[in-house]
Structures are given as C-alpha cells and as structure tokens.
Amino acid sequence: MSVLLWLVLVTAPRAPAPQAVVIATPRGETSVPVTTERGTAAVAAPRLGPPLGLTVALDGSRVTVGLSGVVFVFQLGAPFVRAGGVVYGLVGEPYVARDTVFLPLHWLADCVPRAVGGRYRWEPAPGGDTGRLVELPIASAVTATPPSTPSTAPVLPPSPASAPNPITGLRLRHGVVIDPGHGGVDPGNPGRYFPSGLVEKDITLAIGRLLRAELTRRAIVATLTRSTDTLIDLTDRGALCKAACDLFVSIHVNAMPDGRRADRVSGVETYFLSDAKTEDQQRVAQMENEAISFETGTSSAATGPLGFILRDLQVNEYLRESAQLAQLVQDSAARIHPGGDRGVQQAGFTVLTTARRPAILVETGFATNRTDGAFLASSLGQHKIASAIADGIVAYLLELERKRAVAAPARGR
Ligand SMILES: [Zn+2]
C-alpha cells in the first residue's frame, strides 16, 4: 500500500517528489539526490553505484544495470524495465543527460524490492521530501521470507485450484471485457481502404466478436461492451470491467490525417494509460476521445474532485499491470501483422480511465494504409488479430497466476 501512495504522490501535479533518497546498507548510509528535470523523479545511476554495488552499461539506447545478481534491462525513453523475464512498467523513462544515465525513482522504490526478492525494502517518508531504500542484512532477509515447513508440496494458487487448462495452462477462472470501439452514430474513422462502405466501427465489432470466441475457446469468460451496432458512452465502457473481470481490452482501427505520408504509415500498436507524450500519441488519443461529442445524457462515472482522486488511485494501481499487459499483447499481435510493429504507446484515453482493472487499447492497423486496410477487412486478417490478442492475454494471465501463487504464502501469515 505504501508503494501505491508513493506513486500517487509523484504523479499528482503539485505534489513534491522526494529531493533525495537515502540508501541504508549494513555498510553505512548514503544520500543520493533526486532530479525532477524531465517531469518525473529520477536518480543518477552512477551515484547509486558505490552504496548499492550497482553496475551500469550503456549500449546504444540499451541500459543494462546489475544489482545483487539481478540484471535490469532498460531502453532509453521507454517506460519499462525487464528483469528475469518479467516486464515491469515504470512511471517515467530512463534518459541520458550530461553523460549520466538517469533512472526513474519508481524503479528503485518499486521494481528493485520486487525483483531482488527479500533483499531490499522501500520506506517512503511521510513528508515526501525523502525516501529510504534499506538493504536488509542477510539474516533478516532470510527471516523475511515465509518460514519453511517440512512439506515439499508445491505452491498452489490461492483460489480452488484445478488442473491446468490443456490449451492455456491456466488454473483459475478469468474474465475479460472486450470493447469494440465506436458504434451507432459514431462510425469511427471512415476506413479509406476498407471495401464496400465498411468503417472502423464494423471492423472493431467483427474483431471483438472473434476475440470473444477465441477467449471462450481458451476457457476464459469474455464479455463485449457492445455486441451490435450501438453507441455506449466512453465513460461507461470501462466501468463494465468490475468484480469478475481481470482486464479490459478496447479494439480500434487507426487512421492518419490526409497528407503526403498518410498511406505509408502502417502497423499495430497497443496503448496503456498515461499522459500522451508525443504529437502522434496525442493525435490518436484525441481521435478516439472524440466519441464524447456523440454522446448524450449522463454517465455513471465519478465526477468532481473526489472522482478525480479515486480515478487517479485506480489508474496508478493498474498502470504497472496495464503496461505489462500491453507489452505481451503487442508482442503477440506484431508477430502476425503485415504492417509491422509500432510498439507499446502511452496516451490519455477516456475509455481506459474508467476501467477498474488493467486496461489497454489496441490500434489494430491503419485504415489509411492499403495493406493494413485489406488485412483488417479480410476474414483471415480479423481471425489472426483476434487469435494473437487472445494469446497475449493468456500470456499475461499466466504471469498473473504465477504472481498470485508466489504472493499466496505471505497472505496467510
Ligand atoms: Zn477508434
């Protein structure tokens, strides 16, 4: 819980980021200044070197950091870090300034304690002007893990466990809400390279239905926000993912504005929620948020200052999970897409802010590109996309089950 509060602190516009972190080890304490020059709190990697015994190597845009036998791999400008086959979403991106690698403080406060199990603990300071990363002595690191029992029984998931599903390997029951973008009076983009008057809302519905079938085949309970050509309020779509829902996927088709490079741009990209960073990300967010102008009446979303705070909490809680879900779905979809891999992106989508679970938005290709348009309008293309998204979701749920199984023994103490 303390980590969650810290995340809110850093991302809230007026809250101060810590000015320094204290690295407390059995060998002594060191204070390392925190910089906030790029909007997110970051620490200079070389300054962490001596107190933590951390090693840093920069190779092109790739930053490799070694700490306590764990290798963290960053990409400059990307809000992720990989460690031990797990992708962690980051609040902020690593960058280089004055020949120094700066790493998001979020990595130190959240990823390090999780990735280097039992070795470090993050203690946020109540005032917010400092925080402590405590390296635990080896003895206390051992007692920090659950006491071992004579039993050699394997760790099982917390809920009634069943034999793994033969297709997916999943042991638990999972629910997914699929949101086919647009609908009714909101056609989405006009679908320049779609045949016979098809527009974005038709393609998203077709892919959404196929995705439901693919998930059902994998024994996952899948629900559509719309199964016909109707318009659902953006703010109500995400709210449909509640108790029995593990994650929310919105399906869209991208379009470039008219211009010289309009039909050259192609490929699939997956978004998770944050403030849009680049002009292109803002274009996509603006385009998909425009459906608000089609909507009438009231919606059930929380409003007012309290609503904002509640949403902010939810968004931060699921940011990390959403980033990982986005990466796994993107990796899977990019493997089958003829238009190429445009990677994981961040933008501020209204439809995602109201989801109560990890949420992503897949832009399945460009209607303004001839190849993408033909692929998305074809039955084969729609099947391939739906199947690839389903595979990415399964990869995420397997990871989720693994994490819950690891967390389960601690819960009973
Ligand atoms: Zn759309």
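Fair warning: this is a prediction, and the values are worked out from it, not measured in the lab.

Moving on, we get to the side chain of S250. Here S250 lies in strand 15 (residues 247–254). Among the polar contacts listed, one links the side chain of S250 to the side chain of D179, at a separation of 2.6 Å. Leave out the neighbours within four places in its chain, and S250 touches D179, V351, I360, L361 and V362.

Nonpolar side chains in soluble globular proteins tend to be buried together. Counting residues in hydrophobic clusters, the biggest one holds 45 residues, and the most contacted among them are L215, V249, I389 and I393. At 10 residues, the largest contribution of residues to this core is made by helix 11 (residues 379–411). Residues in contact with I389, not counting those within four places in the same chain, are L211, V249, I251, V329 and V362. A41, V43, F74 and L103 belong to the second-largest nonpolar core, a separate cluster that totals 34 residues.

Before going further, it helps to spend a moment on the sheet that holds strand 17 (residues 341–347). Read across the sheet, 6 strands follow the order 14-13-15-18-16-17 without closing on themselves; strand pairing throughout is mixed. The open sheet terminates on both sides in strands that have one partner only, identified here as strand 14 (221–224) and strand 17. Shown here is a sheet whose adjacent strand axes are inclined to one another by a mean of 25°, direction ignored. When strand 16 (residues 268–273) meets strand 18 (residues 359–366), the two strands line up antiparallel, connected through 3 bridges. Bridge pairing in strand 18 places T270 opposite V362. With respect to the sheet, helix 10 (residues 370–377) is in contact with strand 15 and strand 18, its orientation differing from that of strand 18 by roughly 115°.

Moving on, we come to the pairing of strand 6 (residues 70–75). Residues of strand 6 alternate between two faces, with V70, F72 and F74 buried on one and V71, V73 and Q75 left unburied on the opposite face. Sheet topology note: the strand 5 (residues 62–67)/strand 6 ladder contains 6 bridges and is antiparallel. In the strand pairing of strand 6, V63 is matched with F74. Following strand 5, the chain reverses through 2 residues before pairing antiparallel with strand 6; S68 in that reversal takes a positive phi of roughly 50°. Between strand 6 and strand 7 (residues 80–83), which pair antiparallel and follow one another directly, the connecting turn spans 4 residues, one of which, G77, has a positive phi of 80°.

Right, let's get into the coordination of the zinc ion. H182 (NE2), E200 (OE), H252 (ND1), E288 (OE) and E288 (OE) make up the full set of protein donors to the zinc ion, lying at 2.0 to 2.5 Å. Binding-site remark: the zinc ion is held by donors from one chain whose sequence spacing is H-x17-E-x51-H-x35-E. In this pair, H182 sits in the loop between strand 13 (175–180) and helix 5 (200–217) while E288 sits in helix 7 (residues 279–289), placing the two residues 106 residues apart along the sequence. Summarising the burial analysis for this pair, H182 and E288 share the class buried.

The rules behind the values
Residues numbered from 1 in each chain as written. Predicted model: local features only at pLDDT ≥ 70, side-chain atom pairs only at ≥ 80, totals over all residues. Heavy atoms only, no water. Helix = DSSP H or I, 4+ residues; strand = E, 2+ residues; numbered from the N terminus. Polar contact = N/O pair within 3.5 Å; in protein donor to acceptor, adjacent residues only side chain to side chain. Contact = heavy atoms within 4.5 Å. Core = buried A, V, L, I, M, F, W, Y, C linked by side-chain atoms within 4.5 Å. Buried < 20%, exposed > 50% of the residue type's maximum accessible area, 1.4 Å probe, protein only. Pairing = 2+ DSSP bridges. Axes fitted to C-alpha atoms, helices over the stretch in contact; angles between N-to-C directions. Donors = N, O, S within 2.8 Å, 3.2 Å for Na, K, Ca; no water.

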